[in-house]
Amino acid sequence: MGIFDIFGGSSPEKALKLKPKVTQKYGDPASRQKAIQQLGEMKYPEAVTVLLARFTITVEPLTTDADEKEHVFELIKGFGKDAVAPLQDFLRKSDQAASWALRLLGELLSESEVIGSCVDTLTHLSNHYTRDPEKKVVLLHAVTDKEDPRIAPAVLPFLEDMSDDVKIAALKALAPMKHEPAREPILRLLTSDDTARRVQTAALSALHTSGFGVQGYQDKIQALLVEPYVLDKQGIVVKRQA
C-alpha cells in the first residue's frame, strides 16, 4: 500500500469520482485535462475504465478533442497489460469508440489475442440487440482479411442483421474465407425479395470471391446478375471476360 492509499489520495473510488470531469463537454477544458492527467498517474483498472469514457464524447474545438484523445490513448497504453481487462470489458459493453479500444488492444496484445477479443464481442453482439450498427461494422472490418478459424462462425450470424451496412461488412469478411456453411446463407440473402440492391451486389461479389456454386438457386441468381458477373457452366459466379 502506498502513501497515497493511506491518506485516500489515490484509490479506485477516487478514479470513479473523476468520471464526471473527464466526460464534461463544456466549461473550462483545463478541469477535464487535469482529471485525465490524474487518472493517468493512478495504477488501478478503474482509472483505465474512466479514461476510456473520454473516447465516448466529442468536444470543441476538434483539434482539442483529437489532442486529448491521443493523450488518453498514450496514458492507457502506459498501463500495459493492466489495461487489457478494462479494455475488453469496454469493447463488450460500450456501443461507442470500438475503434479506439481495438487500436489500444492492438498495442498491448498479439494479433491472435486481438482477434479473440473481436470474436468474443461479435458472438456477444449476435445474441443481443443493439440499435447502432457502427460497432458491429468496426469489429467486422477488424477481422476482414485475417486468417483464423474462429472468425467465420462468429461473422456468419451477421448476414441476418437488420442493418445493410452490417450485412455488407459480414459478406466482405466471409468471402475470402471460403467457409462452406456460409454458402447457403449467402445464396438466401442474395435471392431474398427483401434484400437491398447494394447488399445483393455485395453478395454477388462474395460468391465470386469464395467460388461457391449456386446449385439450387440458378434461375433466381441468373435474373439478379449485373455486370461484370455471369454464371459459368459449373454454376460459379465469375467475371465476364473482356
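Nothing here was measured: the structure is a model prediction, and the numbers come from that model.

Participant: So what exactly am I meant to see when it comes to the packing of aromatic side chains here?
Facilitator: Centre distance and the angle of the planes are the two values used to describe a pair of aromatic rings. Enumeration over the complete set of coordinates arrives at two aromatic pairs. With a centroid separation of 4.5 Å and an interplanar angle of 10 degrees, the aromatic rings of Phe55 and Trp100 are classed as stacked. One end of the pair, Phe55, is in the loop between α5 (45-53) and α6 (62-77); the other, Trp100, is in helix α8 (residues 98-108), with 45 residues separating them in the sequence. Owing to a relative accessible area of 16%, Trp100 belongs among the buried residues under this scheme. Members of the aromatic cluster, connected to one another through ring pairs, are Phe55, Phe73 and Trp100. A cation over a ring is seen here: Lys43 above Phe79, with NZ or CZ 4.7 Å from the ring centre.

Participant: How should the environment of His124 be read in this particular structure?
Facilitator: Considering the arrangement of structural elements, one finds His124 in helix α9 (residues 111-126). Residue classification places His124 among the buried positions, given a relative accessible area of 19%. When the C-alpha atoms of His124 and Leu174 are compared, they prove to be 18 Å apart, with 50 residues separating the residues in sequence. Of note is the side chain of His124, whose polar atom sits 3.1 Å from the side chain of Arg92.

Participant: Can you walk me through the pattern of salt bridges in this structure?
Facilitator: Two side chains of opposite charge can pair, provided their charged atoms sit close to one another. All chains considered together, the criterion is met by 15 salt bridges. Ionic pairing is found between Lys136 and Asp161, a salt bridge with its closest N-O pair at 2.6 Å. Note that Lys136 is positioned in helix α10 (residues 134-143) and Asp161 in the loop between α11 (151-155) and α12 (164-174), a separation of 25 residues in sequence. This pair shows no difference in class: Lys136 is buried, exactly as Asp161 is.

Participant: Help me understand the packing of helix α7 (residues 84-93) against α9, please; the structure alone is not making it clear to me.
Facilitator: The description of two helices packed together rests on the angle between their axes and the distance between the axes. Two numbers describe how α7 lies on α9: the axes approach to 9 Å, and their chain directions differ by 30 degrees. Considering their axes alone, α7 and α9 lie roughly parallel with respect to each other. Judged by the twist between their axes, the crossing of α7 over α9 is right-handed. For the pair α7 and α9, the contacting residues are Gln88, Leu91 and Arg92 in the first and Ser117, Asp120, Thr121 and His124 in the second. Grouping the constituent residues of the contact of α7 with α9 by class yields one nonpolar, four polar and two charged.

Participant: I'm lost on the packing of α8 against α10 in this one. Help?
Facilitator: Closest axis-to-axis distance for the α8/α10 pair is 9 Å, and the angle between their directions is 30 degrees. Compared by their axis directions, α8 and α10 come out roughly parallel. Residues Ala98, Ser99 and Leu102 of α8 form the contact with α10, whose participating residues are Lys135, Val138, Leu139 and Ala142. Within the contact of α8 with α10, the residues separate by chemical class into five nonpolar, one polar and one charged.

Participant: I'm lost on helix α4 (residues 29-41) in this one. Help?
Facilitator: The terminal C-alpha atoms of α4 lie 19 Å apart, and with 13 residues this matches the ideal 18 Å at 1.5 Å per residue to within 8%. Of the residues making up α4, those classed as buried are Arg32, Ala35, Ile36, Leu39 and Gly40. For α4, the angular spread of the buried residues around the axis is 140 degrees, confining them to a single face. Turned more than 90 degrees away from the buried face of α4 sit Lys34 and Glu41, all of them exposed.

Participant: Help me understand the side chain of Thr195, please; the structure alone is not making it clear to me.
Facilitator: Along the polypeptide, Thr195 turns up in the loop between α13 (183-191) and α14 (197-210). Exposure remark for Thr195: the relative accessible area of 11% places this residue in the buried category. Apart from the residues lying within four places of it in its own chain, the contact partners of Thr195 are Leu189 and Gln200.

Participant: Which parts of the structure should I look at to understand the side chain of Ser210?
Facilitator: Summarising the element assignment, Ser210 is placed in helix α14. Judged by its relative accessible area of 7%, Ser210 falls in the buried class. Of note is the side chain of Ser210, whose polar atom sits 3.3 Å from the backbone nitrogen of Phe212. If near-sequence neighbours (up to four positions away) are discounted, Ser210 is found in contact with Ala175 and Lys178.

Participant: Would you mind going over the confidence of the model for the chain with me for this structure?
Facilitator: Low-pLDDT stretches of the model should not have their predicted coordinates read in fine detail. For the chain, per-residue confidence averages 93 on the pLDDT scale, and 95% of positions sit at 70 or higher. Overall, residues 1-9 carries pLDDT values under 50, and its contacts beyond four positions in sequence, including any with other chains, amount to six contacts.

Calculation rules
- Residues numbered from 1 in each chain as written.
- Predicted model: local features only at pLDDT ≥ 70, side-chain atom pairs only at ≥ 80, totals over all residues.
- Heavy atoms only, no water.
- Phe/Tyr/Trp six-rings, centres within 6.5 Å; stacked < 30°, edge-to-face > 60°.
- Helix = DSSP H or I, 4+ residues; strand = E, 2+ residues; numbered from the N terminus.
- Buried < 20%, exposed > 50% of the residue type's maximum accessible area, 1.4 Å probe, protein only.
- Lys NZ or Arg CZ within 6 Å of the ring centre and 35° of its normal.
- Polar contact = N/O pair within 3.5 Å; in protein donor to acceptor, adjacent residues only side chain to side chain.
- Salt bridge = Lys/Arg side-chain N within 4 Å of Asp/Glu carboxyl O.
- Axes fitted to C-alpha atoms, helices over the stretch in contact; angles between N-to-C directions.
- Parallel < 35°, antiparallel > 145°, perpendicular 65-115°, else oblique.
- Left-handed = near helix turned anticlockwise from the far one by under 90°.
- Contact = heavy atoms within 4.5 Å.
- Nonpolar A, V, L, I, M, F, W, Y, C, P; charged D, E, K, R; others polar.
- Expected span 1.5 Å × (residues − 1).
- Arc of directions from axis to C-beta.
- pLDDT = per-residue confidence, 0-100.

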